[in-house]
Amino acid sequence: MNTTHDMPIGNLIREWRTKRRMSQLDLASEAEISQRHLSFVESGRSAPSREMVMHLAEMLEIPLRERNHMLLAAGFAPAFGERPITDPTLSPALDAVNLVLRGHEPNPAIAVDRHWNMISANNAIGPFLAAVSEASLLTPPVNVYRLSLHPKGLAPFIVNLNEWRSHLIDRLRRQNDAVADPVLIELEKEVSAYPGAARGGPAVIHKDQAAIAVPLRLKMGGDVLSFISTITVFGTPLDVTLSELAVESFFPADQRTAELLRAMAAASPTRQPS
């Protein structure tokens, strides 16, 4: 999907509407405008106001970055700021993220940007990074998809690699359906083509009816650690960078994993992640 600044606003609205699998009537009803008006906007016969662009973007649940593109396409200034993650004005938000990461210890947690590059991590991540044999995978920016699925990354340690790989790629594919980011599209192609990732067969779908989520099962030494994960985002961001920042937290899926994580934390209390 093309969202370049020079694409007419009507085309952008139509493409996003199609992406969301909504008819003109569906969107017009949600936005409480006439279908005729929406048709005129999409065809270029009517120029939408700034307020209308923002309203339609809200109804379509368009990411903040793309809302700025839509405003530019309609001839208006962007509504949302975009600062580099190192900008001092973002320090309070990053402090909050790091507080969440530290508070999750001894369980692992990471903060990532929109391309799944690691921004920060807590101390519990350190032992897992130490297991990675390919130094380039740990060279910033560290991409967690490459780190997880590369044959010289964590992939050799993932007991349920077929299942976890399918879960990650499906998540990436759904993200691409939502935002159509060229970098993420290339990342999906790359990790889908890693040699040996399928481990000799098709993806295995988790069949345990008692399971509440797809687990990540990692063999570390003589033990297997089992995790479930959650992703947290800022609830009401007004900055593009913050809107694309996410924290992925890993929780022990069984008592043995919880005990091992506590033991690992006690053994290396001052370890810092790479």
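Residues numbered from 1 in each chain as written. Predicted model: local features only at pLDDT ≥ 70, side-chain atom pairs only at ≥ 80, totals over all residues. Heavy atoms only, no water.

## Remarks on the layout of surface pockets
Approximately 890 Å³ is the volume attributed to the largest pocket. As for the largest pocket, its lining consists of 31 residues, of which Pro 63, Gln 175, Val 179, Ser 243 and Glu 244 are closest to the centre. Sorting the residues of the lining of the largest pocket by element identifies helix H5 (64-73), helix H9 (161-179), helix H10 (182-192) and strand E4 (223-233) as the ones contributing at least two each. Per element, the largest residue contribution to the lining of the largest pocket is five residues, and it comes from H5. Split into classes, the residues belonging to the lining of the largest pocket amount to 16 nonpolar, five polar and ten charged. (1 Å grid on protein atoms, 1.4 Å probe; cavity = no way out; pocket = protein on both sides within 12 Å on 5 of 7 lines; lining within 4 Å. Points joined across faces, edges and corners; volume = space filled by probe spheres on them. Helix = DSSP H or I, 4+ residues; strand = E, 2+ residues; numbered from the N terminus. Nonpolar A, V, L, I, M, F, W, Y, C, P; charged D, E, K, R; others polar.)

## Some words on the pairing of strand E5 (residues 246-252)
A large share of E5 lies buried, amounting to five of its seven residues. As paired elements, strand E1 (residues 109-112) and E5 share four bridges and run antiparallel to each other. Looking at E5, one finds that Ala 109 is bridged to Ser 249. Of the pairings in the sheet, the one linking E4 to E5 comprises seven bridges and is antiparallel in character. Residue pairing across strands places Phe 227 opposite Pro 252, the latter belonging to E5. (Buried < 20%, exposed > 50% of the residue type's maximum accessible area, 1.4 Å probe, protein only. Pairing = 2+ DSSP bridges.)

## Regarding the side chain of Glu 42
Looking at where Glu 42 falls in the secondary structure, it is placed in helix H3 (residues 35-43). Within the structure, Glu 42 has its side chain in polar contact with the side chain of Arg 17 (distance 2.7 Å). Residues in contact with Glu 42, not counting those within four places in the same chain, are Gly 10, Asn 11, Ile 13, Arg 14, Arg 17 and Gln 24. (Polar contact = N/O pair within 3.5 Å; in protein donor to acceptor, adjacent residues only side chain to side chain. Contact = heavy atoms within 4.5 Å.)

## Some thoughts on the packing of H9 against H10
Angle between the axes and distance between the axes are the two parameters that describe a pair of packed helices. Direction vectors running N to C along H9 and H10 enclose 160°, while the axes themselves pass 10 Å from each other. If you check the angle between H9 and H10, you find them roughly antiparallel. Where H9 crosses over H10, the two elements pack in a sense that is left-handed. Of the residues in H10, those in contact with Arg 165, Ile 169, Leu 172, Arg 173, Gln 175, Asn 176 and Val 179 of H9 are Leu 184, Ile 185, Leu 187, Glu 188, Val 191 and Ser 192. Considering only residue class, the contact of H9 with H10 consists of seven nonpolar, three polar and three charged. (Axes fitted to C-alpha atoms, helices over the stretch in contact; angles between N-to-C directions. Parallel < 35°, antiparallel > 145°, perpendicular 65-115°, else oblique. Left-handed = near helix turned anticlockwise from the far one by under 90°.)

## Points about the sheet that holds strand E3 (residues 216-220)
Strands sit in the order E2-E1-E5-E4-E3 across an open sheet of five strands; the sheet is antiparallel. With partners counted over all chains shown, the strands left at the sheet margins are strand E2 (118-121) and E3, one partner each. In this sheet, neighbouring strand axes are inclined to one another by 30° on average, regardless of whether the strands run parallel or antiparallel. Of the strands in this sheet, E1, E2 and E5 touch helix H6 (residues 91-103), which is tilted by about 155° from E1.

## Details of H5
The buried fraction of H5 is high, at nine of ten residues. Here H5 has its buried residues at Leu 64, Arg 65, Glu 66, Arg 67, Asn 68, His 69, Met 70, Leu 71 and Ala 73. Turning to H5, the residues buried within the fold contact helix H1 (9-19), helix H4 (50-59) and helix H11 (240-243).

## Quick word on the side chain of Glu 244
Checked against the element boundaries, Glu 244 lands in the loop between H11 and E5. Only 2.8 Å separates the side chain of Glu 244 from the side chain of Arg 65, close enough to count as a polar contact. Setting aside its immediate chain neighbours within four residues, Glu 244 contacts Arg 65, Val 112, Asp 113 and Arg 114.

## Remarks on the nonpolar core
Within soluble globular proteins, side chains that are nonpolar generally end up buried alongside one another. Judged by nonpolar contacts, the single largest core of 36 residues is most densely connected at Tyr 145, Leu 149, Val 191 and Phe 227. Residue contributions to this core peak at five residues, all from H9. For Leu 149, the contacting residues outside a window of four places in its chain are Ala 155, Leu 161, Arg 165, Leu 168, Ile 169, Val 191 and Tyr 194. Judged by nonpolar contacts, the second largest core, of 21 residues, contains Ile 9, Val 41, Met 52 and Ala 57. (Core = buried A, V, L, I, M, F, W, Y, C linked by side-chain atoms within 4.5 Å.)

## Comments concerning H4
Taken residue by residue, H4 has Met 52, Val 53, Leu 56 and Ala 57 as its buried positions. The buried residues of H4 occupy one face: seen down the axis, they fall within an arc of 135°. Residues of H4 that are buried sit in contact with H1, helix H2 (24-31), H3 and H5. Within two residues after H4, Glu 61 carries a phi angle of roughly 55°, on the positive side. (Arc of directions from axis to C-beta.)

Keep in mind these values describe shape, not function.
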